[in-house]
Amino acid sequence: MEYNISLVVTPLSHIFEFSLKPTAPFDFSLTVKNPAGWSFFTPFEIFENGTLWSATKVSSTLIGVKMWSEGNISNPVVSVQVFSIEELAISHTKFLIDVIKEALGAEQDLSGFYEMARKDDILKHAVDDLYGMHDGIPPSVFPEAVLAILLQMAPLKRSNEMMASFIQNYGEAAEFDDRQVSAWPVPERISSIEESELARKCKVGYRAKHIVKLAKKLSEEKFPSMQQLAEMSPGEARKALIGLPGIGDYSADIISPHGGFPIDVWSAEVFGKLFFGKKPENNREAVEKVKAEGMRRWGEWSWMAFFYVVQDLPNLSRKMGVDLRLT
DNA sequence: GCGTCCAGGTCTACC
DNA sequence: GGTAGACCTGGACGC
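Let me begin by describing the structure that accompanies this report. Numbering of residues starts from 1 in each chain and follows the order in which that chain's sequence is written. Chains and ligands are labelled sequentially in the order written, the chains with letters from A and the ligands with numbers from 1. Only residues with pLDDT of at least 70 get local features here, since the model is predicted, and only at 80 or more are side-chain atom pairs given and counted; chain-wide, interface and lining totals rely on the full set of residues. The side-chain values count all of the structure's non-hydrogen atoms but skip hydrogen atoms and water molecules.

This brings us to the protein's contact with DNA strand C. Taken together, Met153, Arg158, Lys203, Gly205, Tyr206 and Arg207 are the residues near DNA strand C. A molecule or strand has a residue near it when one of that residue's heavy atoms lies within 4 Å. Within 4 Å of the protein, the contacting atoms of DNA strand C are 64% sugar and phosphate, with bases supplying the remainder. Tyr206 places a main-chain nitrogen or oxygen 2.9 Å from a sugar or linking oxygen of DNA strand C. For this analysis, a polar contact is any N or O atom pair within 3.5 Å, provided that within protein one partner can donate a hydrogen and the other can accept it, and provided that sequence-adjacent residues contribute only side-chain to side-chain pairs. Side-chain polar atom of Arg207 to a base oxygen of DNA strand C: 2.8 Å apart, as the coordinates give it.

Here it is, written out as structure tokens:
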């Protein structure tokens, strides 16, 4: 893989800061650095001693974000510093505060989910282990869609390598608070590169075609923002996402701010064992059956159930006496 | 060392 | 509308 060919490093020296009071229960560490290792903004972000340094582009503005907790699970307070190249207008700072609130899931009320989960033989363990973990809405569609495409037809190790190469070759690094964090590329940049160049540099294979077409669609056409997708009905948002290049049933469930029940051949095995007590004979053929059972069992809470179970696999394996390791 | 298989899906041609 | 086959790449596996 080719790294650091054209990564631009941008120093961010202007700061504005604020604090948030998320809806309790809220566990800051579990929310920004969850056990399965899903990134808050980018896989290159840093989490040390309870503080997160991350970076992203929001409406063409590169920002660095430093966050830490000053409260506790039942009385949560999060301090946030936002770093930018130049001083931001008041309207922009208000917008960014909303973006970070959404990304933290700060206003998410977990009480309904927890009430259901405590009566469920699987989820009662997960919500106990991960009490206060919120799930937020990412600031933009492009990184989520590229991630979904890179997860397709590849072992996780290779997906991670493709993702790292893509960010290092075409992203932008934010330098702030004595840290450097690489942020995801924006569609405007990817739309102008050749598919063959992307395939060669990042070894993404046939996925290069989907990624460049996706970038063109998002940068040249009016596609709903993540916030607008959140305001649509789940069905409308899903329909819009499936219209994107390289995005099908599974990927739409990953990207949608409404969530879904994204069962692939990997999760078909995990959830197959949890639901039916044994490994499916054929993981690929079990996808539809496992997905239907998850939707039947957890209904409107399917996404949160998926999220909590995937984050809690080692504990669930032990507590339920089911070997959830892949075979 | 070499050939074969297949992986945390989606698209397209064909019926 | 339903479905088989193709699709990049690289690691695992058998020989």
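Let's shift gears to the protein's contact with DNA strand B. Not every one of the 20 residues close to DNA strand B is listed here, only the nearest: Leu156, Gly246, Gly248, Ser251 and Arg284. Tyr250 places a polar main-chain atom, nitrogen or oxygen, 3.3 Å from a phosphate oxygen of DNA strand B. Taken together, the elements giving at least two residues each to the surface near DNA strand B come down to α12 (249-255) and α13 (265-276). Element by element, the count of residues in the surface near DNA strand B is highest for α12, at three residues. Among the residues making up the surface near DNA strand B, the classes are represented as twelve nonpolar, five polar and three charged. Under the scheme used here, helices are H or I runs from DSSP no shorter than 4 residues and strands are E runs no shorter than 2 residues, and both carry numbers assigned from the N terminus. Any residue that is not Ala, Val, Leu, Ile, Met, Phe, Trp, Tyr, Cys, Pro, Asp, Glu, Lys or Arg is counted as polar, Gly included; the first ten are nonpolar and the last four charged.

When DSSP finds two or more bridges between a pair of strands, those strands are recorded as paired. Read across the open sheet, the five strands follow the order β2-β6-β5-β4-β3; overall the sheet is antiparallel. Sheet topology places β2 (14-20) and β3 (46-48) at the edges, where each strand pairs with a single neighbour. Between one strand axis and the next, the sheet turns by 20 degrees as a mean value, whatever way the strands run. Across three bridges, β3 lies against strand β4 (residues 51-58) in antiparallel orientation. Across the sheet, the residue bridging to Glu48 is Thr51, located in β4. Note on definitions: a residue-residue contact is assigned when non-hydrogen atoms from the two residues lie within 4.5 Å. As a rule, the C-alpha atoms of each element are fitted with a line to give its axis, helices using only the stretch in contact, and angles between N-to-C directions run from 0 to 180 degrees. Along the sheet, helix α2 (residues 90-104) makes contact with β2, β4, β5 (61-69) and β6 (78-84), crossing β2 at roughly 50 degrees.

For the rest of this paragraph, the subject is the packing of aromatic side chains. Here is the rule: rings of Phe, Tyr and Trp (six-membered ring for Trp) pair when centre to centre is within 6.5 Å. Planes less than 30 degrees apart are stacked, more than 60 are edge-to-face, and the remainder are tilted. In total, this model carries 24 aromatic pairs according to the counting rule given. For the ring pair Phe40 and Phe41, a centre distance of 4.7 Å and an interplane angle of 55 degrees mean the geometry is tilted. Only protein chains enter the area calculation, which uses a 1.4 Å probe; residues under 20% of their type maximum are buried, those over 50% are exposed, and those in between are partly exposed. On the accessibility criterion, Phe40 (12% relative accessible area) is buried. Summarising the aromatic geometry, the rings of Phe83 and Phe176 are spaced 4.9 Å apart at their centres and angled 40 degrees between planes, so their arrangement reads as tilted. Of the two residues, Phe83 sits in strand β6 while Phe176 sits in strand β7 (residues 172-176), which places them 93 residues apart along the sequence. Each member of the pair Phe83 and Phe176 is classed as buried.

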